[in-house]
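# Breakdown of the fold
So the chains spell out like this:
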Amino acid sequence: MASDATGTKNETPRGGAGGTADLMVIFGISGDLARKMTFSALYRLERRKMLGCPIIGIAGADWSRQDLVDRARQAITEGGEDLDERVFDRFARRLTYLRGDVTGDALYEELGRMIDRDSRPLFYLEMPPFLFAPIVEHLAAADLLRNARVAVEKPFGHDLASARELNARLRKVLREDQILRVDHFLGKEPVIQLEYLRFANLAMADVWDRRSVSAIHITMAENFGVADRGSFYDAVGALRDVVQNHLLQVLALVAMEPPVGADADDLRDKKAELFRSIPPIDPKRCVRGQYQGYLDVPGVAGESATETFVALRLEIDNWRWSGVPVFLRAGKAMPETVTEVRLLLHRTPTLSFLHTSHQVERNQIVVRIDKKPGLRMQLAGHAGDTWHPVHLDTPFAEELGKPREPYERLLYAAMIGDPQLFAREDSVEETWRIVQPLLDHPTPVQPYEQGSWGPAAAHSLVAGHPPWQDPWLPPQEG
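First, a word on scope: everything that follows refers to the structure included in this document. For clarity, every value in this text was computed on a predicted model and none was experimentally measured.

### Here's the deal with the overall build of the protein
What the protein contains, in helices and strands, is 15 helices and 15 strands. Against the compact-globule benchmark of 23 Å for 478 residues, the protein has a radius of gyration of 23 Å, which places it among compact chains. Structurally, the protein occupies a C-alpha span of about 80 × 50 × 45 Å along its principal axes. Residue burial in the protein is summarised as follows: out of 478 residues, 55% are buried. Of the contacts made within the protein by residues no fewer than 6 positions apart, 78% connect residues no fewer than 24 positions apart. Entry remark: accessible area of the protein is about 20700 Å², with carbon and sulfur atoms responsible for 51%. For the protein, the separation between the mean place of its 57 positive charges and that of its 68 negative charges on side chains is 2 Å.

### Remarks on unusual backbone geometry
Working note: non-glycine residues mostly have negative phi, and peptide bonds are mostly trans. Across the junction of Lys154 and Pro155, the peptide omega takes the value 10°, indicating a cis bond. Mapped onto the elements, Pro155 comes out in the loop between β5 (149-153) and α6 (160-173). The linkage connecting Asp370 with the following residue, Lys371, adopts the cis geometry, with an omega of -15°. Tracing the backbone shows Lys371 in the loop between β12 (364-370) and β13 (374-383). For Lys49, which is not a glycine, the phi torsion comes out positive at approximately 60°. For Lys49, the location among the structural elements is in the loop between α1 (32-47) and β2 (55-59). Assessed through its relative accessible area of 70%, Lys49 is described here as exposed. Phi is positive for Ala227, which is not a glycine, with a value near 60°. Examined against the element boundaries, Ala227 turns out to sit in the loop between β7 (213-221) and α9 (230-234). Judged by relative accessible area, Ala227 falls into the exposed class, the value being 55%.

### Quick word on the environment of Phe27
Looking at the element boundaries, Phe27 is found in strand β1 (residues 23-27). Here Phe27 falls in the buried class, since its relative accessible area comes to 0%. The spacing of Phe27 and Ile58 is 31 residues in sequence and 4.8 Å in space, taken between C-alpha atoms. The contacts of Phe27, once residues within four sequence positions are left out, are Ile58, Val102, Leu107, Tyr108, Leu111, Phe123, Tyr124, Leu125, Glu126, Met127, Ile135 and Leu139.

### Notes on the packing of α1 against helix α13 (residues 406-416)
At their nearest, the axes of α1 and α13 sit 8 Å apart, and the two run at 65° to each other. It follows from the interaxial angle that α1 and α13 lie roughly perpendicular. For the crossing formed where α1 meets α13, the hand is right-handed. Counting all contacts with α1, which are made through Leu33, Met37, Thr38, Ala41, Leu42, Arg44 and Leu45, the residues of α13 involved are Tyr407, Glu408, Leu411, Tyr412 and Met415. Of the residues that constitute the contact of α1 with α13, the class distribution is nine nonpolar, one polar and two charged.

### Section: the sheet that holds β13
One open sheet holds the nine strands; their spatial order is β14-β13-β12-β11-β7-β10-β9-β8-β15, and the pairing between them is mixed. Because the sheet does not close on itself, it has two edges, and the strands there are β14 (386-395) and β15 (445-448). Across the sheet, the axes of successive neighbouring strands diverge by a mean angle of 20°, strand direction being ignored. Pairing between β7 and strand β11 (residues 338-345): eight bridges, direction antiparallel. Across the sheet, the residue bridging to Val213 is Leu345, located in β11. Strands β7, β9 (309-314), β10 (326-331), β11 and β12 of the sheet are contacted by helix α10 (residues 237-255), whose axis makes an angle of about 140° with β10.

### What about the sheet that holds strand β6 (residues 179-182)?
Pairing is parallel across the open sheet formed by six strands, whose spatial order is β3-β2-β1-β4-β5-β6. Each edge of the sheet is formed by a strand with only one pairing partner; in this case those strands are β3 (95-99) and β6. Strand-to-strand twist in this sheet, taken as the mean axis angle between neighbours without regard to direction, amounts to 20°. As paired elements, β1 and strand β4 (residues 121-125) share five bridges and run parallel to each other. Considered in β4, the bridge of Leu23 is made with Pro121.

### Quick word on the pairing of β6
Alternating positions in β6 separate into two faces, Ile179 and Arg181 on one and Leu180 and Val182 on the other, with burial throughout. With four bridges connecting them, β5 and β6 associate as parallel partners. Across the sheet, residue Val150 finds its bridge partner in β6, namely Ile179. For the handedness criterion, the β-α-β arrangement of β5, α6 and β6 is classed as right-handed.

### Considerations on a nonpolar patch on the surface
A cluster of nonpolar side chains, Leu379, Val390 and Leu392, forms an exposed patch at the surface whose accessible area comes to about 220 Å². In this structure, Leu392 sits in strand β14. The class for Leu392 is partly exposed, based on a relative accessible area of 45%.

### A few points about α13
By the criterion of burial, α13 is predominantly enclosed, with eleven of the eleven residues buried. A positive phi of about 80° marks Gly417, the residue just after α13.

### Brief notes about the environment of Gly323
Locating Gly323 in the fold gives a position in the loop between β9 and β10. The exposed category is assigned to Gly323, whose relative accessible area is 65%. Between the alpha carbons of Gly323 and Val213 there is a distance of 9.8 Å; along the sequence they are 110 residues apart.

### Side note on the packing of aromatic side chains
Following the criterion strictly, the structure yields nine aromatic pairs and no others. Judged by centre distance (6.4 Å) and plane angle (55°), the rings of Phe27 and Phe123 are tilted. Of this pair, Phe27 sits in strand β1 while Phe123 is found in strand β4, placing the two residues 96 residues apart along the sequence. For the residue pair Phe27 and Phe123, the accessibility class agrees, reading buried in each case. Taken together, a centroid distance of 6.2 Å and an interplanar angle of 65° make the contact between Phe88 and Phe91 edge-to-face. Taken as a pair, Phe88 and Phe91 lie in helix α3 (residues 85-93) at a separation of three residues, close to a single helical turn. The exposure class assigned to Phe88 is buried, which follows from its relative accessible area of 3%.

What counts and how
- Residues numbered from 1 in each chain as written.
- Predicted model: local features only at pLDDT ≥ 70, side-chain atom pairs only at ≥ 80, totals over all residues.
- Heavy atoms only, no water.
- Helix = DSSP H or I, 4+ residues; strand = E, 2+ residues; numbered from the N terminus.
- Rg over C-alpha atoms; globule rule 2.2 N^0.38 Å.
- Buried < 20%, exposed > 50% of the residue type's maximum accessible area, 1.4 Å probe, protein only.
- Contact = heavy atoms within 4.5 Å.
- Areas by Shrake-Rupley, 256 points an atom, 1.4 Å probe, with all protein chains shown as cover.
- Lys, Arg positive; Asp, Glu negative; His and termini not counted.
- Charge placed at Lys NZ, Arg CZ, Asp CG, Glu CD.
- Axes fitted to C-alpha atoms, helices over the stretch in contact; angles between N-to-C directions.
- Parallel < 35°, antiparallel > 145°, perpendicular 65-115°, else oblique.
- Left-handed = near helix turned anticlockwise from the far one by under 90°.
- Nonpolar A, V, L, I, M, F, W, Y, C, P; charged D, E, K, R; others polar.
- Pairing = 2+ DSSP bridges.
- Right-handed = clockwise from strand over helix to strand, strands pointing away.
- Patch = residues over 30% accessible without salt bridge, like charges linked within 9 Å, V, L, I, M, F, W, Y side chains within 5 Å.
- Salt bridge = Lys/Arg side-chain N within 4 Å of Asp/Glu carboxyl O.
- Phe/Tyr/Trp six-rings, centres within 6.5 Å; stacked < 30°, edge-to-face > 60°.

Rendered as structure tokens:
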């Protein structure tokens, strides 16, 4: 799904059901996600003339339709968009507001009066996960799911058992192809590009296996703490918040085999196959950390053992990757905000004509996902009597054009019925299976200083393998 110079792409769906939605219903329109992401994404789609349906926003707030429009305007401008009044006016005319209690029957009776029985609605649930199943069950009881698709935000459960229970309840009233599980990382341009970089380029494909790669590192670092999200984060932690979903989904695209066809399920089959090849993680190969000062965050329990940092090692038991360790780390209050995938290649053999060849740094392939996505190839050059790394850097925006924001891409995919950017039931359950031992037997949290790369034990985790690398950071502006 490569971008052209304007950021557009081939929009041909890779499978899916129901055709293009002719109505969007957003549950939780008054929430933070709508304020931070949804309104701006919908406005950008309107600007591209790709938003072709009315929108009903649902919440419990005592708003009028004009309040909703004003809220949308405020969110779009605060999000940094250059507001075009003509575009916004078109967008505003699509908006309708419905106030109600999502756990009561009255809301769905009113919604039923507003929706034509032959319409193809997209229900987007920007709600706490414990409400997913009750909302969908109410929609089913009101006979509103016949031609519908339902998009739900992660997390999809909080462990393997709850994920299976949620999937079972949804599947009682929905087909799998009607369910769109939203993980915004799957809408990021560099994550999508992994598939194309690997399989459309022989220079990449020929080194992308155990014969060339000695280790895989994936890092997701944030240079800020929990801030005002203490109550939410303390019940979740880094493992549930970003590893089970974001980082394992990225790993699937890094390590999977090539899809056999262009259908969305051809891609998702290969991702599920990759997950099945990963054994459950050994808690002894996991380091959990908690930044100093976390316990002082409002909403955090006084004796909390929730991790704000996690580093772990896993294996992939298949022909391509057998023997190649995979190291993941994610944390808050790190020195930088950056997300990257790094493949560290084997060292070249020591040859007599290469003086001091033992000092040659191993080649590396780096895909930076955030910030300022790009590709780096690290080679070795010789200057004078010493070896120096030679970096071949390509910012994606310069070569591929400015990408769409993840939610703009995901909302459009949901509207047209393209499921390729959404997680499938089997993959969700497999990722929970992989991390479940760490949930059942968590290791003690170890303190680390804010602005560091986590506890010292995280470095011991990679002993005998290439050490953690300093992330490839974008150039400073100005």
